[in-house]
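Each chain, written out:
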Amino acid sequence: MKIKLYTFLSILLFFSQNIKSQHQNISNGTIFEGEPYIVINPNNPQNIVVAWMGFVYNVSTGLTIKVKSSFNGGQTWSTTVNIPHINSSYQSADPSMAFDGNGNLFLSYIDHRENPDSGGVYIRKSVNGGLTWGNPIKTIDVHADGTELPIDRPWLTVNAAGDKIYIVTKPAPWIPAPNRPYFIASVDSGATWQPWRYLDTTNYLVGNLIAQPMAVPVCSGNKFHAMYPSYVPSQNVYAQYLLATTINSGNSFTYKPMVVTQPNASNDTAKLAYKLIQDPSNNNHLAFIYLAAPFGDIDIMLAETFNSGLNWSTPQRVNDDPQGNGKMQDMLWADFDSDGDIIITWRDRRNASGIGFATASEFYGAFRDNDSANFSSNFPLSDGIVSYNSILAQNGNDFMSTALLNDTLYTVYANTKDGSLDVWFVKMAARTQTVTGIALIGSESDRLRIMPNPSAGIFTINALGKAFLDDVAVYTMTGKKITSTTYNALNKTIDLSGYPKGIYLISVVINGQTFSQKVVLAQN
């Protein structure tokens, strides 16, 4: 959960762990747009949907979930859809999406307020590829487990028929250990939700030392699987990940361990520590991707099972930079293609001059054919290295997202190449790592021009097309509103000459939609 932007805590010392690609700014934000999630419609592969968390500057300010859809394979994108809050004082975070086999799209997210706590995890359904969304349904309440706040990381998975929907969560990051993961299920396509239960149980407990026992779920045929961390010496002298499996929608579970015998990292800044995925061509084939430090710095590791968790392969290092070079990888994601090919992506620092988290980074990937035991050479996804920005040390921006379809890689990630944290979209052929026919995404600024920029004080606001301005507000770059007004014409000016020079954000509501642009006030 990133509702109040927090620093990602270590789950435990045991568990902390140039081909240029054309890419597009899909969020076009001005301060913070992050944690993107991408899905592809199985009934229409041209329908791609991306959700992320970002700021909206209007009367309902703050972090919300934003969604954009494409119906031509990522060449053009819809106008941003802002998912409304349940309550105007709430903040949203952690979007997670899944299509069922019928083309219905489900979105899970947090909508919550602190002090006093209220809200929870909600789910919405779209039947038109993400353009509009049905009413929200609460899946778990913030007070469901006393003071534990069991609403963080609400990862979603849906079976092909769409009747069974599963969500796993964990307590908020500021809740101290001991903590436990949660499981919530619906067997009627999300209309109603069964009572929550703990995912761990006697003899398969998380233990008292892991503060953030995140579970990662996947549907595999008629099975639901979720992996979560555990360290209880009486259960196993080693730290382990436990694979929980149910074939009856959570009425009962079986548990199988994946023991972690390698040295692991204690760097508490690493983002999104692990991911579980299932091979559509083999329901018994699962892949678990996680962070570990067998050579002293954090690497991307892969372990696989071909018998639903009875046995696991020897972990394989995925990133191919020199071992033990002090370069840290994190923010991993992965996906299987329909025939068992696999893609793994992550944030990488191999080309940075420094070491550790707070250094320049870029995004990389590795591809493996279904008939191969080895990955391709690592290849860059982003179009160059980006200097470290302190916003990355703040809370949020904990994950990227990737989908693999017909040997084509679709990925979204957030970085600060344009000065603010924005979401970027990349599409490329996974085998050859060549960009495949992406046109410029129409950005929100296509509807708004503010000139001159920079200005000594007078800015002209031009809403393009047959639009008219409703509300105009000006914010500092820390999000503080300094002035607002209402207009009813195509072109208007706003005078900032009475304010200190610097960078400001002008936010405009045009025909009911909010658009923003950064401006520079050059002098008083």
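Rules and cut-offs
- Residues numbered from 1 in each chain as written.
- Predicted model: local features only at pLDDT ≥ 70, side-chain atom pairs only at ≥ 80, totals over all residues.
- Heavy atoms only, no water.
- Helix = DSSP H or I, 4+ residues; strand = E, 2+ residues; numbered from the N terminus.
- Buried < 20%, exposed > 50% of the residue type's maximum accessible area, 1.4 Å probe, protein only.
- Areas by Shrake-Rupley, 256 points an atom, 1.4 Å probe, with all protein chains shown as cover.
- Pairing = 2+ DSSP bridges.
- Axes fitted to C-alpha atoms, helices over the stretch in contact; angles between N-to-C directions.
- Polar contact = N/O pair within 3.5 Å; in protein donor to acceptor, adjacent residues only side chain to side chain.
- Contact = heavy atoms within 4.5 Å.
- 1 Å grid on protein atoms, 1.4 Å probe; cavity = no way out; pocket = protein on both sides within 12 Å on 5 of 7 lines; lining within 4 Å.
- Points joined across faces, edges and corners; volume = space filled by probe spheres on them.
- Nonpolar A, V, L, I, M, F, W, Y, C, P; charged D, E, K, R; others polar.
- pLDDT = per-residue confidence, 0-100.
- Phe/Tyr/Trp six-rings, centres within 6.5 Å; stacked < 30°, edge-to-face > 60°.

1. Description of the overall build of the protein
- The number of helices and strands found in the protein is 0 helices and 36 strands.
- Per-residue burial over the protein gives 60% buried out of 524 residues.
- Here the protein has roughly 18700 Å² of accessible surface; of this, 51% comes from carbon and sulfur atoms.

2. Side note on the sheet that holds strand 16 (residues 240-246)
- Pairing is antiparallel in the open sheet, where 4 strands are placed in the order 14-15-16-17. The open sheet has two edge strands, strand 14 (216-220) and strand 17 (254-259), and neither has a second partner. Averaged over all pairs of adjacent strands, the angle between strand axes in this sheet comes to 25°, irrespective of strand direction.
- Where strand 16 meets strand 17, 6 bridges bridge the pair, whose relative direction is antiparallel. In the strand pairing of strand 17, tyrosine 241 is matched with methionine 258.

3. Some thoughts on the side chain of asparagine 319
- With respect to the helices, strands and loops of the structure, asparagine 319 is situated in the loop between strand 21 (316-317) and strand 22 (330-336).
- Asparagine 319 sits in the buried class, given a relative accessible area of 2%.
- Polar side-chain contacts of asparagine 319 include one of 2.8 Å to the backbone nitrogen of isoleucine 300.
- With residues up to four places along the chain from it excluded, the contact list for asparagine 319 reads Asp299, Ile300, Gln329, Trp346, Arg350 and Asn378.

4. Observations concerning the pairing of strand 8 (residues 118-126)
- Most of strand 8 sits inside the fold, with 8 of its 9 residues counted as buried.
- Across 9 bridges, the pairing between strand 7 (residues 105-113) and strand 8 is antiparallel. Residue serine 108 lies in a different strand from strand 8, and its bridge partner there is isoleucine 123.
- Sheet topology note: the strand 8/strand 9 (residues 137-141) ladder contains 4 bridges and is antiparallel. Note that in strand 9 the partner of valine 121 across the bridge is isoleucine 140.

5. Re the sheet that holds strand 25 (residues 379-380)
- In space, the 4 strands of this open sheet follow the order 22-23-24-25, with antiparallel pairing throughout. Of all strands in the sheet, those bounded by a partner on one side alone are strand 22 and strand 25.

6. Notes on the layout of surface pockets
- Within this model, the largest pocket holds a volume of roughly 1200 Å³.
- Phe99, Gln278, Pro280, Asp335 and Phe336 are the residues nearest the centre of the largest pocket, which is lined by 43 residues in total.
- Counting residues per element, the ones that place at least two in the lining of the largest pocket are strand 2 (33-41), strand 6 (91-99), strand 10 (152-158), strand 14, strand 18 (274-278), strand 22 and strand 26 (401-405).
- Of the residues belonging to the lining of the largest pocket, the class tally is 27 nonpolar, 12 polar and 4 charged.

7. Considerations on the confidence of the model for the protein
- Model confidence for the protein is summarised by a mean pLDDT of 84, while 83% of its residues fall at 70 or above.
- For the stretch residues 2-22, pLDDT sits under 50, and the model shows 103 contacts to residues farther than four places along the chain or on other chains.
- Contacts for the low-pLDDT stretch residues 437-446, under 50 throughout, to residues beyond four places or in other chains number 29 contacts.

8. Things to note about the pairing of strand 10
- Of all 7 residues making up strand 10, 7 are buried, and the element is well covered by its neighbours.
- Bridge count between strand 10 and strand 11 (residues 165-170): 5 bridges; the pairing is antiparallel. From the neighbouring strand, tryptophan 155 faces strand 11, where its bridge partner is valine 168.
- Adjacent in sequence and paired antiparallel, strand 10 and strand 11 are bridged by 6 residues, among which glycine 162 carries a positive phi angle near 85°.

9. Considerations on the packing of aromatic side chains
- Counted under the stated rule, the structure contains 24 aromatic pairs.
- Residues tyrosine 37 and tryptophan 333 carry aromatic rings whose centres are separated by 5.4 Å and whose planes lie at 85° to one another, so their mutual orientation is edge-to-face. Taken together, the positions of tyrosine 37 in strand 2 and tryptophan 333 in strand 22 put the pair 296 residues apart, joining distant regions of the chain. Take tyrosine 37 and tryptophan 333: they sit in the same class, and that class is buried.
- Summarising the aromatic geometry, the rings of phenylalanine 288 and tyrosine 290 are spaced 5.4 Å apart at their centres and angled 20° between planes, so their arrangement reads as stacked.
- Given the relative accessible area of 0%, phenylalanine 288 is considered buried.
- Take tyrosine 290: its relative accessible area is 1%, and that puts it in the buried class.

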